[in-house]
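One-letter residues, chain by chain:
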Amino acid sequence: MVDPARPRPPQVFVNSGATELPDDFIKHLVSGLTDLGILNIFMDRDDWWGRDLDRLFTCIEESTIALVIFSPCYPETEWCLDELVKMKERVKNNKLLVIPIFFNVSKNDVRNFEGEFGDRFMELRKRYTKYKYDPFRVQRWETSVMTISKLEPSLAWETQSSSISLAMDIIKEVNKELDIASDAGFFLPLGFHKDSHSKLTNGEVFVSAFLVAFLFRLFIARLVFTDMTFFGTAKWLVGFPIAIVVLYQLHCALINKTDEHLMLDY
């Protein structure tokens, strides 16, 4: 019997559709993810064609991370695009981390619907238009492809490269994004806890601190201090923002170090 109080390990959903993935790639990917403690790996393969989408959507909802493997033949599978729409919704609600992978296709071709990828998607669009299928479904597909393909981190693979090295790169990226913290019994991506994707740059921190220093001098300092000379010097207007930037970097480094220790302890 499963202990309900025990956090469930992360689950990875692999969305690839009709993409022909090399056997050695799948073998190393599954083995590497298992070594990370990811015991639930759902491979979206041909044997799911024609099955109830609700089952696929449930697997996506139960997943922590999704790997979307774009390829020239990716648009051939309608259910695969439906999965992408579901993933986009989960990403929007901060409930799923998606890593796009460009398998023998360029990022530009996928993002702009060009090349062989674009041709196959246009064929799908024409087929839906000709037979008067749901036009909004095609629109949702297109929007989801554009959104998911622009997410970072992303990885790319070309035929002359080793598929095993791609599997190792994927494992490294997944390992970076996993965090020991859990929510409602599920492990969540690292970025969801630390909001790493919205981390401020040093320039943004400096400008914000400079504005604080300037406004403090303009409105508050005169109410507290009788001598305003110091607050008009470069030591205050420049030195204070620099000090804030340094403290911010130390703060970020401390958080990263703490997370590393947590992962090691786990």
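Residues numbered from 1 in each chain as written. Predicted model: local features only at pLDDT ≥ 70, side-chain atom pairs only at ≥ 80, totals over all residues. Heavy atoms only, no water.

Right, let's talk about the nonpolar core for a bit. Core analysis: the largest hydrophobic core is formed by 29 residues, its most contacted members being Phe-70 and Met-87. When residues of this core are assigned to their parent elements, the largest contribution, 6 residues, is made by helix H3 (residues 78–92). Beyond its immediate stretch of four places on either side in the chain, Phe-70 contacts Leu-84, Pro-100, Ile-101, Phe-102, Phe-103, Val-105, Val-110, Phe-117, Val-145, Ile-148 and Ser-149. Residues Val-14, Leu-21, Ile-69 and Ile-101 belong to the second largest nonpolar core, which totals 24 residues. (Core = buried A, V, L, I, M, F, W, Y, C linked by side-chain atoms within 4.5 Å. Buried < 20%, exposed > 50% of the residue type's maximum accessible area, 1.4 Å probe, protein only. Helix = DSSP H or I, 4+ residues; strand = E, 2+ residues; numbered from the N terminus. Contact = heavy atoms within 4.5 Å.)

Next up on the list: the pattern of salt bridges. Under the defined criterion, the tally for this structure stands at 9 salt bridges. Arg-127 is the salt-bridge partner of Glu-78, the closest N and O atoms lying 3.5 Å from each other. Pair noted here: Glu-78 is in helix H3 and Arg-127 is in helix H5 (residues 115–130), with a separation of 49 residues, a long-range link. Glu-78 sits in the partly exposed class, given a relative accessible area of 26%. Given a relative accessible area of 34%, Arg-127 falls into the partly exposed group. Among the charged side chains, a network of salt bridges with common partners joins Glu-78, Asp-82, Arg-127 and Arg-137. (Salt bridge = Lys/Arg side-chain N within 4 Å of Asp/Glu carboxyl O.)

Tracing the backbone shows Ser-144 in helix H6 (residues 135–149). We classify Ser-144 as buried; its relative accessible area is 2%. Separated by 2.8 Å, the side chain of Ser-144 and the backbone oxygen of Arg-140 make a polar contact. With near-sequence residues (within four places) excluded, Ser-144 lies in contact with Leu-84, Val-85 and Lys-88. (Polar contact = N/O pair within 3.5 Å; in protein donor to acceptor, adjacent residues only side chain to side chain.)

Let's shift gears to helix H7 (residues 163–177). Here H7 is 15 residues long and its end C-alpha atoms lie 21 Å apart, about the 21 Å a rise of 1.5 Å per residue gives. Residues of H7 that are buried include every one of Ser-163, Leu-166, Ala-167, Ile-170, Ile-171, Glu-173, Val-174 and Glu-177, and no others. Across the axial projection of H7, the buried residues extend over an arc of 165 degrees, all falling on one side. For H7, the exposed residues set more than 90 degrees away from the buried face come down to Lys-172 and Lys-176. (Expected span 1.5 Å × (residues − 1). Arc of directions from axis to C-beta.)

Let us look at the sheet that holds strand E4 (residues 97–103). Ordered in space as E2-E1-E3-E4-E5, the 5 strands form an open sheet in which the pairing is parallel. The open sheet is flanked by strand E2 (40–43) and strand E5 (155–157), the only strands paired with a single partner. In this sheet, neighbouring strand axes are inclined to one another by 15 degrees on average, regardless of whether the strands run parallel or antiparallel. Relative to E2, strand E1 (residues 11–15) runs parallel, the two being bridged by 4 bridges. Within E2, the position partnered with Phe-13 by the bridge is Phe-42. Here helix H1 (residues 23–35) sits on the sheet and contacts E1, E2 and strand E3 (65–70); the angle it forms with E2, its principal contact strand, is near 155 degrees. Its contacts with the sheet put H7 on E3, E4 and E5, and the angle it makes with E5 is roughly 175 degrees. (Pairing = 2+ DSSP bridges. Axes fitted to C-alpha atoms, helices over the stretch in contact; angles between N-to-C directions.)

Moving on, we come to helix H9 (residues 202–224). Count 3.6 residues to each turn of an α-helix, and residues three or four apart come out pointing the same way. At Arg-217, H9 shows its maximal bend, which comes to roughly 50 degrees. The set of residues buried in H9 consists of Val-205, Ala-209, Ala-213 and Ala-221. (Bend = angle between axes of the 7 residues up to and from the residue.)

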